[in-house]
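# Understanding the architecture of this molecule
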Amino acid sequence: TQLLEQSPQFLSIQEGENLTVYCNSSSVFSSLQWYRQEPGEGPVLLVTVVTGGEVKKLKRLTFQFGDARKDSSLHITAAQTGDTGLYLCAGLAGTASKLTFGTGTRLQVTL
Amino acid sequence: GAGVSQSPSNKVTEKGKDVELRCDPISGHTALYWYRQRLGQGLEFLIYFQGNSAPDKSGLPSDRFSAERTGESVSTLTIQRTQQEDSAVYLCASSLRRGVTEAFFGQGTRLTVV
């Protein structure tokens with residue numbers, strides 16, 4: 001069973017602060033995705049990373065895939081209240097495997 | 001349809017009753033997932049359908065839970081003899097094919113067992 005542990009579990013910060021969310025596993029993944037879920041909605045894809053060491057930037061969000069493809073991080077610069085939500089990493093162990101979700105990080109950004 | 005559609009959006013049922021939840025995936029999507037999300041928690045995998053392959057049922061928590069999918073279209077998740085601990089949001093997602101593709105989620109069915 002591939003397990004994806006996220007840390008921290010909860011994060012409450014003020015607008016303008018920076019933060020990093022981690023997604024770790026003992027298993028190797030062929031690709032890793034990050035989703036954000038807002039209350040009452042299903043998760044929505046933010047990014048997919050497929051190459052070990054890959055870094056992708058999406059405006060104020062920076063995603064990194066570990067060299068060994070076992071871990072990933074999401075860094076948010078100058079957080080805004082609109083970043084509030086549940087952040088989920090999800091990994092694919094192979095092209096024929098199912099998508100396994102992490103434990104989730106709940107982010108609250110206040111003024 | 002334009003997205004993944006789930007029905008009903010809310011369901012309140014009495015303990016011991018059976019419930020059936022429906023998911024209409026995006027047309028052409030061969031992969032379909034069911035997840036359970038308890039209040040304030042992450043996503044708990046339940047079952048995965050991929051084309052005509054045998055479904056991966058490894059996440060179903062008990063034999064009270066079952067799911068069917070007709071070809072590459074509608075799926076139903078059935079919970080028999082519901083218990084209060086079954087109360088959660090049940091999310092369905094579909095994706096285009098195997099591999100590195102985006103999973104599109106429905107808005108979920110909020111199940112409350114009283």
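Refer to the preceding data block for the structure.
Below: a short report on this structure. Predicted model only: the values in this text are computed from it and were never measured.

Attention now goes to the state of the cysteines. Summed over all chains, the structure comprises 2 disulfides over all chains. At a sulfur-sulfur separation of 2.1 Å, the disulfide partner of Cys23(A) is Cys89(A). Judged by the sign of its S-S torsion, about 75°, the bond between Cys23(A) and Cys89(A) is right-handed. In this pair, Cys23(A) is assigned in strand 3 (residues 19-24) and Cys89(A) in strand 9 (residues 85-92), connecting sequence segments 66 residues apart. Relative accessible area serves as the criterion here: at 0%, Cys23(A) is assigned to the buried category. Between the sulfur of Cys23(B) and that of Cys92(B) lies a disulfide, 1.9 Å long from S to S. One disulfide, between Cys23(B) and Cys92(B), carries an S-S torsion of -65° and so falls in the left-handed class. Taken together, the positions of Cys23(B) in strand 3 (residues 19-24) and Cys92(B) in strand 8 (residues 88-95) put the pair 69 residues apart, joining distant regions of the chain.

Right, let's talk about the sheet that holds strand 6 (residues 65-69) of chain B for a bit. All names here are of chain B. The strand order across the open sheet formed by 4 strands is 1-3-7-6, and the pairing between neighbours is antiparallel. The sheet is open, and its two borders are formed by strand 1 (5-7) and strand 6, each paired with just one other strand. The sheet shows a mean angle of 15° between the axes of neighbouring strands, taken without regard to direction. In this structure, strand 3 lies alongside strand 7 (residues 75-79), joined through 5 bridges in antiparallel fashion. Pairing of leucine 21 across the sheet is with leucine 77, part of strand 7.

This next bit is on the interface of chain B and chain A. Tallying the contact residues gives 21 residues for chain B and 22 residues for chain A. Buried surface at the junction of chain B and chain A, both sides included, amounts to about 1,700 Å², of which 56% is carbon and sulfur. Our count for the contact surface shared by chain B and chain A stands at 1 salt bridge. Notably, a salt bridge pairs Lys98(A) with Asp56(B), separated by 3.0 Å at the nearest N-O pair. Taken together, the links from chain B to chain A amount to 6 residue pairs in polar contact (both at pLDDT 80 or more). Counting residues per element, the ones that place at least two in the side of chain B that touches chain A are strand 4 (31-37) and strand 5 (44-50) of chain B. In terms of residues, the side of chain B that touches chain A owes the most to one element, strand 4 of chain B, which gives 3 residues. Partitioning the side of chain B that touches chain A into residue classes produces 9 nonpolar, 9 polar and 3 charged.

Cut-offs used in this document
Residues numbered from 1 in each chain as written. Chains lettered and ligands numbered in written order. Predicted model: local features only at pLDDT ≥ 70, side-chain atom pairs only at ≥ 80, totals over all residues. Heavy atoms only, no water. Disulfide = S-S within 2.5 Å. Helix = DSSP H or I, 4+ residues; strand = E, 2+ residues; numbered from the N terminus. Buried < 20%, exposed > 50% of the residue type's maximum accessible area, 1.4 Å probe, protein only. Pairing = 2+ DSSP bridges. Axes fitted to C-alpha atoms, helices over the stretch in contact; angles between N-to-C directions. Contact = heavy atoms within 4.5 Å. Buried area = accessible area lost by both parts, 1.4 Å probe. Salt bridge = Lys/Arg side-chain N within 4 Å of Asp/Glu carboxyl O. Polar contact = N/O pair within 3.5 Å; in protein donor to acceptor, adjacent residues only side chain to side chain. Nonpolar A, V, L, I, M, F, W, Y, C, P; charged D, E, K, R; others polar.

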